[in-house]
Amino acid sequence: MMGPEHRSPGVAVSGSHEHQRADGASAARPGTLTGLLEELAGSPGAATGEGWEQGLRPGAVVGRFELVRELGRGGFGVVWEARDRELMRPVAFKAVRAGGRPALREERLLREAEAAARLSHPNIVTLHDVGRCEWGPYLVLELLRGQTLAGRLSQGPVPLREALRIAVEVARGVAHAHAEGVVHRDLKPGNVFLCQDGQVKVLDFGLAHALGIRRADGGTPAYMAPEQWRGAPEDERTDVFALGVLLFRMLAGELPFPEDDEGRAVLSPRRAPELEVPEVPALGALVGRMLEKDPTRRPRDGGEVLAALSAFHRELDRSPSTPSAPVRMRRRRLVPLLALGLAAGVALAAAAGAYLRWRGPAETGPRERIAVAVADFANQTGEPELDGLSGMLITSLEQSRRLSVLTRARMLDLLRQMGKGSVAAVDEGLGREMALGAGVRALVLASIRRFDQLYAIELKVLDPVANEYLFTLKDQGQGKASVPGMIDRLSEQTRERLSETPSELQASRVRVADATTASFEAYQHYFRGDQLKEAIRYEQAIEEYRKAIAIDPTFALPHYRIAYLGLFTGLDEADRRAEMEAALRYVDRVPPKERLLFQAWKAHMDGRDDEAHALYARVAESFPQDKEALFMAGDLYLHSEKPAEALPWFERAVALDPAWEPALMHVVDSLAMLGRNDELMRRARDWVEKAPSAPSYRALAMAHVATGRPEEAVEAARRALELDGTGYSRGSLAEALILAERYEEAEALVRPFAGPNASRFDRMHTAKALVAAVSYQGRRREARRIVEAYPEEPGAKDLEHARRLASYELAMGDAKTGAALREARSLAEGESVEGKQLAMSLVLLGDPGAAARVAQRLPAGVERSQYQAALAWRSGRREEALSALRALAKRPEMETRGLSLWLLARVALEAGHAAEAVAAVEALRKTPAGLWRSWALPQSLYLEAVASERLGDRDRAAQTLDRLLAIWKNADPDLPFLAEARAMRRRLGGRL
């Protein structure tokens, strides 16, 4: 029974000005929402809607809307029935009480709100208009008749068939929104409306967050996912969790987790109780998967949930309509998380098998995207150049708008997360195991054979849950040149059999030879290059890409890869630009995703990062499992000193691949820059506990370094080196040893890998650590010889620049001001500004003119502020300098903080603030940074001794000098401050 009539609005937005729904409900104009938010942001008084109380009364007219009667109140606002005096129809008028100024700087929320304004679906309520009057902002929505699901639940249990129907309708609306990039974030019974005509509508899509009404980035406590309680990034799986809670409550009559305002039950390790649904056994398993605490274990979005629920609903409709057996709830015992994850996967696979059979094109949902994976080809031709055909088939299938195709890199990530280690080939067994864990509905298995000059490809598509073949396809052709055409034809037939229409095929058809290369030899080298890239063996990957280009210079993808990876291997910028230009010459041939990636990287190389980020965001929206695009979107923000904006992108990449080092390290960087040290350590330890690996231990080591825990960093980095023995782990351990002031150990560790016989990669990553370790010990002549002997690389201007930068940083620690000034001026004459302290150094070295020229090229920010602080000190404005340096020394960025602490110690001591100088040096000792620290820290120890003596603490002064002289026991005899330190120690008395 529907209960008494109730009228309610929704707070979803949909449609466009030109669009007219079949039911006659027009929608708000595009951009109207953005305009309103911008207006509210500029008018803080109007943003709160506090004036509505005097304006809300029967008969009042707001714009063309006449208020009739109040319908209800909530945290979001007051709802009235109103009459549209122009269109002569009843509407719901919502007077909004915003939570403050709209969060216009949160571009993601604004984009989602605008995307929500374009939603048009029968299961999402329609927004007719938005606006603001003198009393505040308002929304005008379609007037619904019926009751909310919350009202229905208050009347008693919901029968199984009705509960499943409601859940399917809600999932349809949510799936449509997810397909458009919109996440609800507050799905609950109060936001589900049961109309009198049987329709179900989802309310409140997208606007509450944009208007500043947020609960820790989450929604209503009982329906909030663990990531919402933690303040972690939210995505489609957050809505999947809430829908799981909603479905659980309808079926069981109670919530899966006890409700409290701190989320203790949701954040605990205990899983939701099991549901036993006798008529649909697999339904309980699906709900359990939706309620997984780890979002990566849930269905990926509303579309995947809709596919399963629709199958259950159809099966139930085919069975006799008899009274439903009661749903039983069974509490789970607390078991280890790993066992839980395995048990959930097995239970779901076994229980859902009878319902998730492939049922053909007629039963595929209107927006459903079918998850597809492609195993590696079984190459029976004896021709190794045909080993990489799976990549070609993936590229072809990836163009489909109906299919969600896992890239090969994504499959390998999933297998590694399942404990499969290094996988050379994804065969049927591994493919099926991976597919079951990833919710894949169709696993493509292919083989190629050769009979003289006749090549034959057989393609089988497997339902991994039922372990049954859905269909089999075959094709053959004369000569190797016929293979790309066969792949094209088989791809199209596969897409047709997986419910793609002819018009959809035509709209996204691509010839794989055009999109990649007609040369299998070239493609095989590219395929190998991608494998090496995934293993972070960038130099070897570039070698393979160059071999591919040598065979086919028009092959755009390897050109792009070199332009991208060259940044991380020291490739000269001119060479990288040449490769990027070569890739863009053939950009019209590459598929849409790769085209966007090309354009984004080119925009970044040209300094157009806003454009680059928008392009990466488009890739991430269309291909949410592309971790590289997610990473690059975040990286652009991070290097623009916007860690808060960068962090969500890196977290999404980590969610896809918990052992991917670039994303892990950049999460560490972001949290460190934000000063969220407790959260940083919690996450780093969690990575090691959940996925112990060399990358996760290196990330933990870096977290310890960033938070000033050197001995813990040494332990974690040593564990990483034991696991993989790579240059990455060696460099991580060297950095930790240096921070722990164990310089001789660091030197011994890296010296064997910095010599002329070591690989270029090892030399690049150990030479600087060796220079630092030697320089800390005061052997600065030797450090300079190491720099001068940096390996010669033809055309490697970036490496030459690194040599010049190291020479400058070493010169800054010498007593010879003239040499340091020459090095600094040499760098300043270059086109790029390198060295965080360059402008500041030029001031300290006595060349304010050159410093000013460098400062003009610096963006507004910490580097310019440091330069201005140094200029104030050298100009005699000591207190101004101290004030600026005190603020800079509190910055979370390690490089900024370290440089500022070093100068603060000098200025404070000169100003007579000895205690402040000591405190600055103590903080500097816990702050890692660049090569400049190799001379700045030892010199600062001398300043600490001087300050301690001025404070009357002669014992501390002597201890500090003993420490300094022990570090410098083999130092150059003319090292700056060495003679002064020895003289002072003699004056203080005791053993030298």
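Look a little higher up for the structure.
Here's what I pulled together on the structure shown here. (Residues numbered from 1 in each chain as written. Predicted model: local features only at pLDDT ≥ 70, side-chain atom pairs only at ≥ 80, totals over all residues. Heavy atoms only, no water.)

### Examining the side chain of H184
Applicable threshold: Numbering of helices and strands starts at the N terminus; helices are DSSP runs of H or I of at least 4 residues and strands are runs of E of at least 2. Buried, partly exposed and exposed residues are distinguished by accessible area as a fraction of the type maximum, computed with a 1.4 Å probe on protein chains only: under 20%, between the cut-offs, and over 50%, respectively. Polar contact is defined as a pair of N or O atoms within 3.5 Å, subject to the rule that within protein one atom must be able to donate a hydrogen and the other to accept it, and that residues adjacent in sequence are counted only when both atoms are side-chain atoms.
Summarising the element assignment, H184 is placed in the loop between α6 (160-179) and β9 (192-195). Taking relative accessible area as the criterion, H184 reaches 2% and is therefore assigned buried. Of the polar contacts made by the side chain of H184, one reaches the backbone nitrogen of D186; its length is 3.1 Å. Of the polar contacts made by the side chain of H184, one reaches the backbone oxygen of L203; its length is 2.6 Å.

### Let's talk about the environment of S670
What counts, and what does not: Contacts were defined at the residue level, with two residues in contact if any of their heavy atoms lie within 4.5 Å.
Within the secondary structure, S670 is located in helix α28 (residues 661-673). Through-space distance from the C-alpha of S670 to that of P643 is 4.8 Å; in sequence the pair is 27 residues apart. When sequence neighbours within four positions are dropped, the list of residues in contact with S670 reads L638, P643, A646, L647 and F650.

### Here we look at the pairing of strand β4 (residues 77-84)
Convention followed: Strands are treated as partners if at least two bridges between them are detected by DSSP.
Burial runs high along β4: seven of the eight residues are buried. With seven bridges joining them, strand β3 (residues 65-73) and β4 adopt antiparallel strand pairing. Opposite E66, over in β4, you have R83 as the bridge partner. Pairing of β4 with strand β5 (residues 89-96) involves eight bridges; the strand directions are antiparallel. Counterpart to V79 in the pairing with β5 is K94.

### Topic: the environment of R954
Among the structural elements, R954 can be located in helix α45 (residues 954-967). On the accessibility criterion, R954 (40% relative accessible area) is partly exposed. Between the alpha carbons of R954 and G989 there is a distance of 9.7 Å; along the sequence they are 35 residues apart.

### Details of the environment of K768
Mapped onto the fold, K768 is located in helix α34 (residues 760-776). Under the relative-accessibility criterion, K768 is labelled partly exposed at 41%.

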